2 protein chains.
Amino acid sequence: MATFDAPFTPVEPVRAYQRVAEQIEERILSGELPPGSRLPGERDLVSQFGVGRSTVREALRVLQSAGLIRSRPGDPLGAEVLGVSADNLSQALGRLTRSHLCSLGELIQFRMVLEAESNRLAARLRTEDDLTRMAGLIERMRSLTGAGAGLREFSETDALFHQAVAEASRNALLGLCARAVHDAVVEIIEHKIANVADATAWMARSIDHHEQVLAAIRAGDAPHAAQLARRALHAYYADHVEPASRPLLTAALEEE
Amino acid sequence: MATFDAPFTPVEPVRAYQRVAEQIEERILSGELPPGSRLPGERDLVSQFGVGRSTVREALRVLQSAGLIRSRPGDPLGAEVLGVSADNLSQALGRLTRSHLCSLGELIQFRMVLEAESNRLAARLRTEDDLTRMAGLIERMRSLTGAGAGLREFSETDALFHQAVAEASRNALLGLCARAVHDAVVEIIEHKIANVADATAWMARSIDHHEQVLAAIRAGDAPHAAQLARRALHAYYADHVEPASRPLLTAALEEE
DNA sequence: GCCAGTCCACTGGTCAGACCAGTTGATTTC
DNA sequence: GAAATCAACTGGTCTGACCAGTGGACTGGC
C-alpha cells in the first residue's frame, strides 16, 4: 500500500482567544455589527463566550490592533465597532518601510502606479456626476487658499478629490491603497510638510495640478491623466527620496 | 489676545500594553531583533517592563496579530521573531473583500495592475542574472510537471518566479503587494484550485505563459510584458468574478 | 421647571496568583 | 547506548481584585 505524498496538512492548535476574535470579526465583516454599533461589555462577553476575561480581552486586543473596534475606559456602552478601513494597510506599509524591507522610493513609485491607474480608469469610466463632484472639490480647495489656517482642511479636501477619482475609476481598492500609501509616506516625512512658509504657493500648484487632472479625465484622455499623476508625484517627492533610488523613480515615469 | 485656531491636538491616553508593544516592535523593525531570534519568556518580560503578565500578554498578542512574532506553548526559548512579511497585507486585503468594501473583481484588477507594472519595470531594468534565475525557475517548473503530487511545489516555484520578476523590477513593494493580493484571492476562491483533474493542462499553460513573459522581459519589450500579465490574469479569473464587474475587468485590459 | 452639583454603579485597564497542558532536556533504566 | 521517565520550565487560561475614569440618576438651589 502506497503512502500519500502530502495528504495531511499540519494542524496547529486554535487558541480560545482566536475563536472569540473570529466570531466577533465575522459579525463585523458580515455587516451584522455595522460601524458605530457597540459590542457588549467585557464581562458580558465573558459569560456569553464562556471564557475568562483575559481571553476576551486578548481577543478584543487583536480586533483593536486590526482597527476593527475601539474601546474606551468607563464607557458603559462597550467597545465601538469601527468597521474596515485602510488604516491597517497603511500601518503594514509603514512597517515594511521602517524595517527597510522597502524604501521610500519604492513607496513613491508604488503610489505613482496606483494614482496613475486610478486616473486612467477614471478617464475611461467617469460619469457626469463624478465630474461635477470633482469640480466642486477643486472649487472648495480654491476657497480654502485664502484662509491662513485652513491647511489641514485643504489636505482633507485634497484627499476627498482623490477619493472621488477612485470612485470614478470604479475600483475602490485602488483608492484605498493609494490612501494607505499616502498615509505611510506622510508618516515617514511628515516633518517636511509642516513648512508653512510656502504653503500658499504649494496650494496654488496643487490646485493647478488637480485642474489638469480633471480636464484630462473630462476629456477621456486616459494616458494623459495617468501621466499627470506620475509627473506630479515625481516632481514633488524626487528630492525627498534617497539619491540611490532616484533613477529608479525616473524609470517609472514614462509608460510606453 | 487672540485664541489659536486649532493649536492643540486631542491627547489620547497611552495604554501600558501599547508602550510595551511599541518597544518590542521598535527593536524588531530596527533589526536589533532579527527574524529567527527569540524574545525573553513572558515572565522575564514582566520583570523587565515592570508590568503585569496580562499586560505583557496583550502586547504580545498585538505583535502576533501583526505577524511580527509567533509563540508556542512550552517553548523554553520564548516567542520567535518572524520579521515583517506580506501576510499582514494580504490579511487586510482579505478583510476588505470579505466586508464587501471591495469586490473580487477589484482584487483581480488590482493584481493586473501590480503584475503588469512589475513586468514592465523588469523588462526595463533586468540584468543577465535576473534572466538566468527566471529561466532556471521555469526549468524547475517543467521538471515538476511529470510528478503527480508536485502541485504544491509547482505553485511554490510559480511564486518564486513572480518574486524573481519583482526583484528584477527593483521594487520589492510591488512584488510584496502582488503576493498579498494573490494570497487574498486564493483565500477567497481556494475551492476552485483543488480541481486536480486538469492540473497537468493548467501547469502546461502556466509554463507557457511564464515563458512568454520571460521572452518579453529578455527582449526588453516593456509594454508587451505588461500586457501579458493583464491578459493571463483576465483569462484565468474572468469566469470567477461576479458578472456585474466583468466589464470593468475587461476595461482594465488594454492600456493605451 | 430648570440647571448645577453630587454621587454611585459600572466600565475598561491592570495586577497578582493560580492551574493546566504541553515541551524540553536531563535523568534513570534496561 | 538507546529508550523510558521525570521534573522544571513554557505559554494559555481562569479567577478575583483594585483603580481611574465615565455617565446617568439623584439632589439641591434658584
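These numbers were taken from a predicted model, which means no experiment stands behind them. (Residues numbered from 1 in each chain as written. Chains lettered and ligands numbered in written order. Predicted model: local features only at pLDDT ≥ 70, side-chain atom pairs only at ≥ 80, totals over all residues. Heavy atoms only, no water.)

Caption draft 1: Up close: the side chain of Glu42(A). Residue and element names in this part refer to chain A. When you line up the elements, Glu42 lands in helix H2 (residues 42-49). One polar contact links Glu42 to Arg53, side chain to side chain, over a distance of 2.5 Å. At 2.8 Å, the side chain of Glu42 forms a polar contact with the side chain of Arg57. Not counting chain neighbours up to four residues away, the residues in contact with Glu42 comprise Arg53, Val56, Arg57 and Leu60. (Helix = DSSP H or I, 4+ residues; strand = E, 2+ residues; numbered from the N terminus. Polar contact = N/O pair within 3.5 Å; in protein donor to acceptor, adjacent residues only side chain to side chain. Contact = heavy atoms within 4.5 Å.)

Caption draft 2: Here's a closer look at the protein's contact with DNA strand C. In the vicinity of DNA strand C there are 25 residues, among which Arg53(A), Ala16(B), Gly52(B), Ser54(B) and Thr55(B) approach most closely. Contacts to DNA strand C include Asp75(A), whose backbone N or O atom sits 3.3 Å from a sugar or linking oxygen. Residue assignment for the surface near DNA strand C shows that the elements contributing at least two residues are H2 and helix H3 (53-65) of chain A together with helix H1 (16-29) and helix H3 (53-65) of chain B. For the surface near DNA strand C, a count of residues per class yields seven nonpolar, eight polar and 10 charged. (Near = heavy atom within 4 Å. Nonpolar A, V, L, I, M, F, W, Y, C, P; charged D, E, K, R; others polar.)

Caption draft 3: Representation of the interface of chain A and chain B. Chain A puts 55 residues into the contact, and the matching count from chain B is 55 residues. Here chain A and chain B share an interface that buries about 5000 Å² over both sides, 62% of which is from carbon and sulfur atoms. Inspection of the region where chain A meets chain B yields 10 salt bridges. Applying the counting criterion to the chain A and chain B interface returns 22 residue pairs in polar contact (both at pLDDT 80 or more). (Buried area = accessible area lost by both parts, 1.4 Å probe. Salt bridge = Lys/Arg side-chain N within 4 Å of Asp/Glu carboxyl O.)

Caption draft 4: Fine view of the relation of the copies chain A and chain B. Each copy superposes on the other: chain A lies on chain B with an RMSD of 0.1 Å after a rotation of 180° and an axial shift of 0.1 Å. What the superposition gives is, in effect, a two-fold axis relating one chain to the other. (Least-squares fit on C-alpha atoms with pLDDT ≥ 70 in both.)

Caption draft 5: Seen up close, the UniProt feature "domain: HTH gntR-type" (unreviewed entry) in chain A. In the numbering adopted here, UniProt assigns the feature "domain: HTH gntR-type" (unreviewed entry) to residues 14-84 of chain A. In this annotation, residues 14-84 of chain A is assigned 49% helix and 6% strand; the end-to-end C-alpha distance for the span is 24 Å. (UniProt positions renumbered as here; feature names shortened; annotations may be inferred.)

Caption draft 6: Quick look at the pattern of salt bridges. Counting across every chain of the model gives 40 salt bridges over all chains. One salt bridge in this structure joins Arg95(B) and Glu25(A), with 3.2 Å as the shortest N-O distance. Here the residue Arg95(B) occupies a position in helix H4 (residues 87-98), and Glu25(A) occupies one in helix H1 (residues 16-29), the pair thus bridging two chains. Of the two residues, Arg95(B) and Glu25(A), both sit in the buried class. When the shortest N-O distance is used, the salt bridge between Arg133(A) and Asp130(A) registers 3.5 Å. One end of the pair is Arg133(A) and the other is Asp130(A), both in helix H6 (residues 128-146) and three residues apart, which spans about a single turn. (Buried < 20%, exposed > 50% of the residue type's maximum accessible area, 1.4 Å probe, protein only.)

Caption draft 7: Molecular detail of the domain arrangement of chain A. Along its sequence, chain A is organised into domain 1 (16-81) and domain 2 (87-251). Computed over C-alpha atoms, the centres of domain 1 of chain A and domain 2 of chain A are 35 Å apart. (Domains from an automatic or database assignment.)

Caption draft 8: Expanded view of the protein's contact with DNA strand D. Of all residues adjacent to DNA strand D, which total 25 residues, the nearest are Ala16(A), Gly52(A), Thr55(A), Arg53(B) and Arg57(B). Ala16(A) places a polar main-chain atom, nitrogen or oxygen, 2.4 Å from a phosphate oxygen of DNA strand D. Arg43(B) places a side-chain nitrogen or oxygen 2.9 Å from a base nitrogen of DNA strand D. Taken together, the elements giving at least two residues each to the surface near DNA strand D come down to H1 and H3 of chain A together with helix H2 (42-49) and H3 of chain B. For the surface near DNA strand D, the per-class residue count stands at seven nonpolar, eight polar and 10 charged.

Caption draft 9: Geometry of the nonpolar core. In terms of nonpolar packing, the biggest core is built from 98 residues, with Leu93(A), Phe110(A), Leu93(B) and Phe110(B) touching the most fellow members. Excluding anything up to four places from it in sequence, Phe110(A) contacts Val181(A), Phe110(B), Leu114(B), Asn171(B), Leu173(B), Leu174(B) and Cys177(B). (Core = buried A, V, L, I, M, F, W, Y, C linked by side-chain atoms within 4.5 Å.)

Caption draft 10: The arrangement of the side chain of Asn88(B) in detail. Relative to the elements of secondary structure, Asn88(B) occurs in helix H4. Using a relative accessible area of 8% as the deciding quantity, one classes Asn88(B) as buried. The contacts of Asn88(B), once residues within four sequence positions are left out, are Ala92(A), Arg95(A), Ser65(B) and Ala66(B).

Caption draft 11: Structural view of empty space enclosed by the protein. Enumeration according to the criterion identifies four cavities of 30 Å³ or more in this entry. Size it by volume and the largest cavity reaches roughly 80 Å³. Those elements giving two or more residues to the lining of the largest cavity turn out to be helix H4 (87-98) of chain A together with H4 of chain B. Looking at the lining of the largest cavity residue by residue, the class counts come to six nonpolar, four polar and two charged. Estimated volume of the second largest cavity: approximately 70 Å³. Together, Ala92(A), Arg95(A), Ala66(B), Gly67(B), Leu68(B), Gly83(B), Val84(B), Ser85(B), Asp87(B) and Asn88(B) line the second largest cavity. Where the lining of the second largest cavity is concerned, the elements lending two or more residues are H4 of chain A together with H4 of chain B. Along the lines of polarity and charge, the residues of the lining of the second largest cavity split into four nonpolar, four polar and two charged. (1 Å grid on protein atoms, 1.4 Å probe; cavity = no way out; pocket = protein on both sides within 12 Å on 5 of 7 lines; lining within 4 Å. Points joined across faces, edges and corners; volume = space filled by probe spheres on them.)

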